[in-house]
Amino acid sequence: MPTIVSIVLGALGMWLLLPRPSLRGRLAGAALAAAAAGLLAGQLPGLAAALDQALFSILAAVTVASAAAAVSLKNPVYCAIWFAMTVLGTAGLFLLQGAQFLAVATIVVYAGAIVVTFLFVLMLAEPGARAAYDRLSWEAMLSAVGGAMLIGVLSTVVGGLLAGGPAGAAAARGEAELAAGVLQDGHVAALGRAMFTDYWIAVQAGGLLLLAALVGAAAIVSGGRSPAAPEADPRPPEDQPPAEEH
Amino acid sequence: MYLVIESLIKIVVIIGGLMGAAAYLVLVERRVAAWIQDRRGPNRVGIPLTEIRLFGLGQPIADGVKFIFKEEFVPGHVDRLLYVAAPMVMFIAAIVLFAAIPFGTVDLGIAGWAPINLVVAPGLDVGIIYIFAVSSIAVYGVLLGSWASNNKYAFFGGVRSAAQLISYEIPLGVAILGVVLATGSLRLEAIVEAQAATGVWNVATQPLGLLVFLVASFAESGRLPFDLAESEQELVGGFHTEYSGIKLMMYLVAEYLHMIAGSFLIVLLFFGGWHFWGLTGDGPVAGIGVALVRIAVFLAKVLAVILFFMIARWSWPRFRFDQLMGLAWKVMLPLGLVNLVAVAVWIEYLRTPLVAAGLPEGLVMAVAGWLLLGVAGLAATAAAPSARDNRPDRSLVARYRDAREAR
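Residues numbered from 1 in each chain as written. Chains lettered and ligands numbered in written order. Predicted model: local features only at pLDDT ≥ 70, side-chain atom pairs only at ≥ 80, totals over all residues. Heavy atoms only, no water.

K.L.:
Whenever I open this one, the sheet that holds strand β2 (residues 116-117) of chain B confuses me. Can you help?
P.N.:
Either a parallel or an antiparallel arrangement is found when strands of a sheet pair, and the pairing is made through backbone hydrogen bonds. Residues and elements named next belong to chain B. Spatially, β2-β1-β3 is the arrangement adopted by the three strands of the open sheet, whose pairing is mixed. Here the strands that pair on one side only, and so sit at the sheet edges, are β2 and β3 (285-286). When strand β1 (residues 105-106) meets β2, the two strands line up antiparallel, connected through two bridges. Counted as the bridge partner of valine 106 is isoleucine 116 from β2. (Pairing = 2+ DSSP bridges. Helix = DSSP H or I, 4+ residues; strand = E, 2+ residues; numbered from the N terminus.)

Take a look at the structure:
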């Protein structure tokens, strides 16, 4: 039935498009033909899988390219923006795998808070970004080697997992757990239950770490200043503002 | 296939509705401002080339045409790429946010058609955090636009705005958590359905959460008590000082959309969404007629909240920046945490014994919630006065006098 509809629509559109004595209706014809083509393409077998694959490739390319830009550009503000782009691409990849909570949490935490704080500090510290220490890499050789080793190890291990190597059984078990627990409706509830039962020690440890960081930040901000002993005014006495007379 | 067509129709309807609503809400806001200031407001523009005025209903169209046909001037000192991209980021983030706003579920009554969930992204299991995530992207529009403008005033506005948005996201999230905990779901549909099923809106049970959420969403939308980012008197427009034409319009419309989104969220989370007692029924799925009534009720509530936003804008002076930060960190965040802890204690320890004792659950929760609001409000005003003495520190003055006398 949809096939017949799309073929009829396509015929109508093509008739309107063909050069006839009157030029009227060519725009409508183009629109009809495009809609028919879309409808027909929608009935191709394997379209969904192909779209999935294409989306994955695009997102992965965006993520990798922006990661490369984030470390290789000279202007730190642009670096931070490309880092945010990397995070968005990663969130898209998570979403493609059905991990909705992980995707939005990545955006909230990384793109929404951490990179914004980076940008904030960069812009406050040095808006023009002209100093050499902001524009040059510190240990170019070491970081290139380290990154290459990390990628090498990861791709070997992941490749071994996919090929059913020594860790293949673990991968298969993980996939089964994923299908049973995560890819269902209401997976956020399942995720929360897992985090606060199976992994509660990790969650509590993370919370403790954040609390310690918060207390440290507060200590740094207050800087040992106490109301009883305020710091001395560094200006010489004649430059200091006159006291108010009461 | 039908799913794609259905989604496209929903997207077209919601974007068209939002653009029209934003244009005409500007007119409403100008009329409200005029009413408060005892003026008449824009009432001249009607149908072009005639004398018909139509209460100024042509004004938004004239404004839009003016914005679009203005010269688009790009100053020579800007960072071109980011200057062009920033308004788009903000605009897109403001629009995409509405993909998770649910308008209820309608059953067309045709055999073989599944009930249609009137939301652009029906499969989203994390609705409220999705909205939270997308609205946190909007900071980039402000921050990058202000930096790319290469102008001190714009930059001040951007830095202020970034600090404000990051700070107020925390009380916003904490206030949302109270509602999520009470409902047990992150889906906005589920939150509305829970309120409809019991007939007790969250405003009755969590007034403290509503207060925190209201203040935080005022700050997130950057409207007058919190519009330090663009304060015209000091920063000549703040982060959009260097913008003109359609880019400026994108910024302004995006700010309006943030206000509209905040109103939608307030209604969904605290005022029962489409539910109204005796008018809309309380099941999740409705027929066509009831669904239309539900949409009307929902939009009426949202309009009421928007009017509240507008009246508040013309009734309050702007905060000073230290007051703004103090309000977020010293008042709103603790109040939000108090609300969260109270909800958790209620669910974990008190609900079961009290309901078993035969007390009506909604009534007890409402009384407890409003008592909590009163106590917390009194404690906040006593412990953290929002006005701070800005005069020179007395101890410093005394020390200086001592030093002078010793000399």
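K.L.:
What's the story with the confidence of the model for chain B in this structure? I'm lost.
P.N.:
One rule of thumb: low pLDDT means the predicted coordinates there are not for detailed reading. Residues with a pLDDT of 70 or more make up 97% of chain B, whose mean pLDDT is 83. Confidence estimates for the predicted assembly give a pTM of 0.81 and an ipTM of 0.80. (pLDDT = per-residue confidence, 0-100.)

K.L.:
Explain the nonpolar core to me, please; I cannot follow it from the model alone.
P.N.:
Looking at soluble globular proteins, one finds that nonpolar side chains tend to be buried together. Membership of the largest hydrophobic core comes to 123 residues, with the highest contact counts inside it found for Phe98, Ile128, Tyr140, Tyr168, Phe213, Leu269 and Phe298 of chain B. Contact partners of tyrosine 140 of chain B, with chain neighbours within four places excluded, come to Ala84, Ala111, Val115, Val116 and Leu119 of chain A together with Val89 and Gly145 of chain B. (Core = buried A, V, L, I, M, F, W, Y, C linked by side-chain atoms within 4.5 Å. Buried < 20%, exposed > 50% of the residue type's maximum accessible area, 1.4 Å probe, protein only. Contact = heavy atoms within 4.5 Å.)

K.L.:
Could you clarify how one ought to interpret the domain arrangement of chain B in this entry?
P.N.:
Much of the literature gives interface size as the accessible area that the parts lose upon coming together. All names here are of chain B. For chain B, the domain assignment lists domain 1 (1-69) and domain 2 (74-406). One C-alpha centre belongs to domain 1, the other to domain 2; they are set 24 Å apart. Contact with domain 1, which involves 19 residues of that partner, is made by 27 residues of domain 2. Of the roughly 2,000 Å² buried at the junction of domain 1 and domain 2 (both faces included), carbon and sulfur atoms supply 82%. Our count for the contact surface shared by domain 1 and domain 2 stands at one salt bridge. Put simply, glutamate 29 and arginine 313 hold a salt bridge, and the shortest N to O gap is 3.2 Å. Elements with a minimum of two residues in the side of domain 1 that touches domain 2: α1 (2-36) and α2 (59-69). The element contributing the most residues to the side of domain 1 that touches domain 2 is α1, with 16 residues. Counted by class, the side of domain 1 that touches domain 2 contains 15 nonpolar, one polar and three charged residues. (Domains from an automatic or database assignment. Buried area = accessible area lost by both parts, 1.4 Å probe. Salt bridge = Lys/Arg side-chain N within 4 Å of Asp/Glu carboxyl O. Nonpolar A, V, L, I, M, F, W, Y, C, P; charged D, E, K, R; others polar.)

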